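Coordinate analysis (summary)
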Amino acid sequence: MKLFPVRGGIHPEYRKEGSSEKAIVALPLPRALYIPLQQHIGAPAEALVAAGDTVGKGQVIARAQGAVSAPQHAPTSGRVTAVTEIAAPHPSGLAQMTIVIEPDGQDAWADLPAPIADPFAADPQAIKDRVAQSGIVGMGGAAFPSAVKLNLGTQHELEILLINGAECEPYLTCDDRVMREHADEVIDGARIMAHALGAPRIVIGIESNKPQAIAAMTRAAAAVANVEVVGVPVQYPMGSERHLTQAITGRETPARKLTADIGVVVHNVATARAVHHAVRFGRPLISRVITVSGGAIAEPKNVEAPIGTLIFDLVVFCGGLKSEPKRLVNGGPMMGQPLPSLEVPVVKGTSGVLALTAAEANEHPTGPCIRCGTCITICPCGLSPVEMASYIRKDNLDGAQKIGVQDCVSCGSCSYVCPSHIPLVHFFNYAKGALAAQDRERRRSDRVKTLSEARTIRLEKAAEAKRAAMAARKAQSASTAAASTADDKASA
Amino acid sequence: MLIAVGSLTVMGVALGGILGVAARLLHVEEDPLEVELQGMLPGSQCGQCGFVGCSQYAAALAKHEAPVTACAPGGKAVAEALAKRLGISADLSEHEDQVPEYAVIDEDLCIGCMRCIQDCSVDAIVGANKQVHTVIAEVCHGCTKCFAICPTEAIHMCKVPVTLGNWHWAKPGAELH
């Protein structure tokens with residue numbers, strides 16, 4: 001298959017050997033599971049259980065609220081001990097509502113929805129509904145509700161369902177292992193999703209530094225038509241959906257548009273596997289594979305852990321820390337976020353947990369910009385990082401917006417190559433957050449204006465009605481008075 | 001020569017006269033800048049800026065007699081928009097620390113007098129006579145009018161909390177060049 005070039009990008013050391021040859025191992029049930037109500041983009045779920053309730057494995061414990069949301073399920077059977085605020089696996093360390101479950105050790109399934117016997121003959125809507133009720137969200141990290149993404153076929157003419165197995169982040173090997181060990185499940189899930197989307201072709205893109213995964217997937221795909229497995233160049237950020245789409249189709253996604261606008265929908269390999277489980281067995285998304293790695297981890301592993309496991313329990317299962325970590329990262333080293341502590345739960349979007357030593361973190365003090373222009377050369381989005389950063393430094397967010405800061409995908413390539421160690425991507429993350437906050441502010445003041453105008457109109461109407469009633473009463477009393485005078489006159 | 005000078009003079013006087021009359025007849029009562037500025041303000045007439053309402057504040061702004069930072073419910077976004085329109089640079093440092101607020105009614109103290117409901121410019125308070133009132137937090141824009149009018153001091157202002165939904169990264173340190 002012909003591949004197309006993608007601009008920019010970097011070639012970091014991959015350092016995947018720590019965990020790439022370790023088969024997926026299941027984590028023994030931890031003592032407690034902490035299931036946050038918001039693990040996805042969109043509205044948080046609404047808790048359906050209270051402290052003291054007993055739950056079965058796979059039971060819905062929180063329901064989706066609104067159009068973009070996802071329900072949460074009990075990862076094992078046990079007793080709900082609390083529904084309370086617990087620190088979220090988020091760089092802010094802020095607390096969020098979380099359901100705490102104490103496993104009873106039985107691991108007994110609750111009543112699950114019936115498997116869809118022949119998904120390819122089923123109505124696409126039935127598959128989308130099943131994906132929605134199974135709480136499946138994008139497992140590559142962004143955690144966008146998958147059912148909403150499966151609906152894109154209704155508004156867009158789709159050509160390709162692209163399954164993203166690029167896994168371009170250093171250290172992470174969870175998708176690699178899922179493809180090697182569960183290739184059939186991934187292919188089946190992908191075919192079900194393509195049926196729901198109405199996409200005629202399936203392409204599975206895997207970076208060519210994963211030859212075993214490519215071999216396993218090619219073997220599994222050989223039996224079915226319309227599925228192609230493609231080895232894509234090893235070039236960070238190939239796993240970004242826009243860049244993978246460009247490499248496969250040669251089409252660039254326009255700014256502020258979706259890949260669906262150019263006929264492609266991208267889903268992660270682990271998401272495809274979760275769809276397979278939901279449709280074929282009725283099992284909701286209650287566990288995921290996580291890479292635990294980094295120089296400070298005693299035995300790096302790929303662990304299949306229930307959602308809600310404390311990261312502390314994961315690290316203990318991997319032999320604990322062998323040295324003091326400089327950085328604890330949620331996700332990969334390029335785009336991952338710092339972990340506030342180890343006492344936060346694994347969520348549906350957690351692909352990796354890294355404990356990096358000082359040598360790996362390789363932090364340096366920031367120097368002045370030497371105008372080398374390397375960041376412009378490597379920016380995979382064709383932006384000018386140095387220029388955007390200077391606007392942002394001077395608080396000129398509008399200027400940065402005009403030259404496209406909102407098209408930045410936060411891949412971090414610019415920060416990686418900067419010889420002066422300027423934290424360029426931090427500036428863009430700040431600017432994107434601040435611009436979103438400004439937008440919220442603006443919408444709020446627009447709403448205040450609408451409401452106060454509506455009130456003024458209402459008050460005027462009420463006053464008008466009062467005046468009219470008063471006038472009517474006056475007219476009536478005048479006419480009664482006139483009538484009575486006339487009567488008086490008549491009687492006289 | 002004389003005819004040319006004469007005719008141009010006559011034309012000049014006549015056209016000048018027409019312009020002069022038109023300027024008087026078609027005189028615009030309102031300053032268009034004032035109207036535009038008023039459009040940018042929240043329009044809740046809360047009076048926190050020190051003026052009677054939004055239109056008076058807009059008039060003062062148009063004459064550069066009032067600071068752009070005076071609108072409390074509008075917050076930083078409105079102050080920035082005003083400064084941009086007026087072409088001035090405003091000191092927004094005060095707004096950096098100012099967190100938006102919303103009103104909360106203490107149900108034990110509320111006597112159901114309806115005063116706050118009548119005063120609320122965005123209809124954010126629900127309740128009935130002799131019934132406990134409550135504020136719809138998402139609608140309240142923190143103008144503090146109800147806080148001032150409550151006869152039993154049952155209303156207090158709370159800061160809008162930072163949540164996972166509105167948190168964002170801070171600007172990287174000032175020591176960077």
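As the structure is a computational prediction, the values presented were derived from the model and not from experiment.

**Looking at the overall build of chain B**
- A tally of regular secondary structure across chain B gives seven helices and four strands.
- In terms of C-alpha radius of gyration, chain B reaches 25 Å, well past the compact-globule figure of 16 Å for 177 residues.
- Looking at chain B as a whole, 32% of its 177 residues are labelled buried.
- Partitioning the intrachain contacts of chain B with sequence separation of at least 6 by distance along the chain shows that 51% fall at a separation of at least 24.
- For chain B, the computed accessible surface area is about 10,700 Å², with 60% contributed by carbon and sulfur atoms.

**Points about the nonpolar core**
Residues and elements named next belong to chain A.
- By size, the foremost hydrophobic cluster in this structure holds 48 residues, and its most contacted members are Leu161, Ile163, Ile187, Ile202, Ile204 and Met217.
- With nine residues, helix 5 (residues 183–197) is the single largest residue contributor to this core.
- Excluding residues within four positions of it along the chain, isoleucine 202 makes contact with Leu161, Ile163, Ala190, Arg191, Ala194, Asn226, Val227 and Glu228.
- In terms of nonpolar packing, the next biggest core, distinct from the first, is built from 42 residues, Met388, Ile392, Cys408 and Ala431 among them.

**Focus: the packing of aromatic side chains**
- Under the counting rule described, the total for this entry stands at two aromatic pairs over all chains.
- Centroid distance phenylalanine 51 of chain B to tyrosine 57 of chain B: 5.7 Å. Interplanar angle 35°. Geometry classified as tilted.
- Relative accessible area serves as the criterion here: at 28%, phenylalanine 51 of chain B is assigned to the partly exposed category.
- Positioned above the aromatic ring of phenylalanine 281 of chain A, the side-chain terminus of arginine 283 of chain A is 4.6 Å from the ring centre.
- Its guanidinium or amino end placed over the ring of phenylalanine 317 of chain A, lysine 301 of chain A lies 4.4 Å from that ring's centre, counting from NZ or CZ.

**A few points about unusual backbone geometry**
- The omega angle of the peptide bond from tyrosine 236 of chain A to proline 237 of chain A is 0°, so this bond is cis rather than trans.
- Its place among the elements puts proline 237 of chain A in the loop between strand 11 (227–232) and helix 7 (241–249).
- Its identity is not glycine, yet histidine 421 of chain A carries a phi of approximately 55°, on the positive side.
- If you trace the backbone, histidine 421 of chain A turns up in the loop between helix 14 (413–417) and helix 15 (424–491).
- Here histidine 64 of chain B, not a glycine, exhibits a phi torsion of approximately 60°, which is positive.
- Mapped onto the secondary structure, histidine 64 of chain B falls in the loop between helix 3 (54–62) and helix 4 (75–86).
- By relative accessible area, histidine 64 of chain B is classed as exposed at 51%.

**Thoughts on the environment of tryptophan 167 of chain B**
- With respect to the element layout, tryptophan 167 of chain B can be found in the segment after strand 4 (155–159).
- Beyond its immediate chain neighbours, meaning those up to four positions away, tryptophan 167 of chain B contacts His90, Pro91, Ser92 and Leu94 of chain A together with Val162 of chain B.

**Some details on the interface of chain B and chain A**
- With 37 residues of chain B at the interface, the matching set in chain A holds 37 residues.
- A combined buried area of about 2,800 Å² lies between chain B and chain A, and 59% of that area is made up of carbon and sulfur atoms.
- For the pair chain B and chain A, the interface holds four salt bridges.
- In this structure, the connection of chain B to chain A is made through eleven residue pairs in polar contact (both at pLDDT 80 or more).
- Across the side of chain B that touches chain A, the residue classes break down as 18 nonpolar, 13 polar and six charged.

**A closer look at the sheet that holds strand 12 (residues 264–268) of chain A**
Residue and element names in this part refer to chain A.
- The four strands are arranged 11-10-9-12 in an open sheet whose pairing can be described as parallel. Looking at which strands have only one partner, the edges of the open sheet turn out to be strand 11 and strand 12. When strand polarity is set aside, the average angle formed by the axes of neighbouring strands in this sheet is 25°.
- Two strands pair when backbone bridges link them, and strand 10 (residues 201–207) and strand 11 are joined in this way by six bridges, in the parallel orientation.

**Remarks on the side chain of glutamate 167 of chain A**
Residues and elements named next belong to chain A.
- Mapping glutamate 167 onto the fold places it in the loop between strand 9 (160–165) and helix 4 (174–181).
- Buried charge without a salt bridge: glutamate 167, with lysine 16 as the nearest opposite-charge side chain at an N-O distance of 4.3 Å.
- Reaching out from glutamate 167, the side chain makes a polar contact with the backbone nitrogen of aspartate 176 at a distance of 3.1 Å.
- For glutamate 167, the residues in contact, after removing those within four places along its chain, are Lys16, Leu172, Thr173, Cys174, Asp175, Asp176, Glu207 and Lys210.

**Here's the deal with the sheet that holds strand 7 (residues 78–87) of chain A**
Residues and elements named next belong to chain A.
- Strand order in the open sheet formed by four strands is 2-8-7-4, and the pairing between neighbours is antiparallel. The two strands at the open ends of the sheet, each matched to only one other strand, are strand 2 (33–36) and strand 4 (54–55).
- Two elements, strand 7 and strand 8 (residues 95–103), share nine bridges in a ladder whose sense is antiparallel. Following the sheet pairing, glycine 78 is matched in strand 8 by proline 103.

**Things to note about helix 6 (residues 211–222) of chain A**
Residue and element names in this part refer to chain A.
- The terminal C-alpha atoms of helix 6 lie 16 Å apart, and with twelve residues this matches the ideal 16 Å at 1.5 Å per residue to within 8%.
- Those residues of helix 6 lying buried are Ala213, Ile214, Ala216, Met217, Ala220 and Ala221. Down the axis, helix 6 shows its buried residues gathered within 165° of arc, on one side only. What points out from helix 6, more than 90 degrees from its buried face, is the exposed set Arg219 and Ala222.
- Contacts made by the buried residues of helix 6 are with helix 4, helix 5, strand 10 and strand 11.

Rules of the game
Residues numbered from 1 in each chain as written. Chains lettered and ligands numbered in written order. Predicted model: local features only at pLDDT ≥ 70, side-chain atom pairs only at ≥ 80, totals over all residues. Heavy atoms only, no water. Helix = DSSP H or I, 4+ residues; strand = E, 2+ residues; numbered from the N terminus. Rg over C-alpha atoms; globule rule 2.2 N^0.38 Å. Buried < 20%, exposed > 50% of the residue type's maximum accessible area, 1.4 Å probe, protein only. Contact = heavy atoms within 4.5 Å. Areas by Shrake-Rupley, 256 points an atom, 1.4 Å probe, with all protein chains shown as cover. Core = buried A, V, L, I, M, F, W, Y, C linked by side-chain atoms within 4.5 Å. Phe/Tyr/Trp six-rings, centres within 6.5 Å; stacked < 30°, edge-to-face > 60°. Lys NZ or Arg CZ within 6 Å of the ring centre and 35° of its normal. Buried area = accessible area lost by both parts, 1.4 Å probe. Salt bridge = Lys/Arg side-chain N within 4 Å of Asp/Glu carboxyl O. Polar contact = N/O pair within 3.5 Å; in protein donor to acceptor, adjacent residues only side chain to side chain. Nonpolar A, V, L, I, M, F, W, Y, C, P; charged D, E, K, R; others polar. Pairing = 2+ DSSP bridges. Axes fitted to C-alpha atoms, helices over the stretch in contact; angles between N-to-C directions. Lys, Arg positive; Asp, Glu negative; His and termini not counted. Expected span 1.5 Å × (residues − 1). Arc of directions from axis to C-beta.

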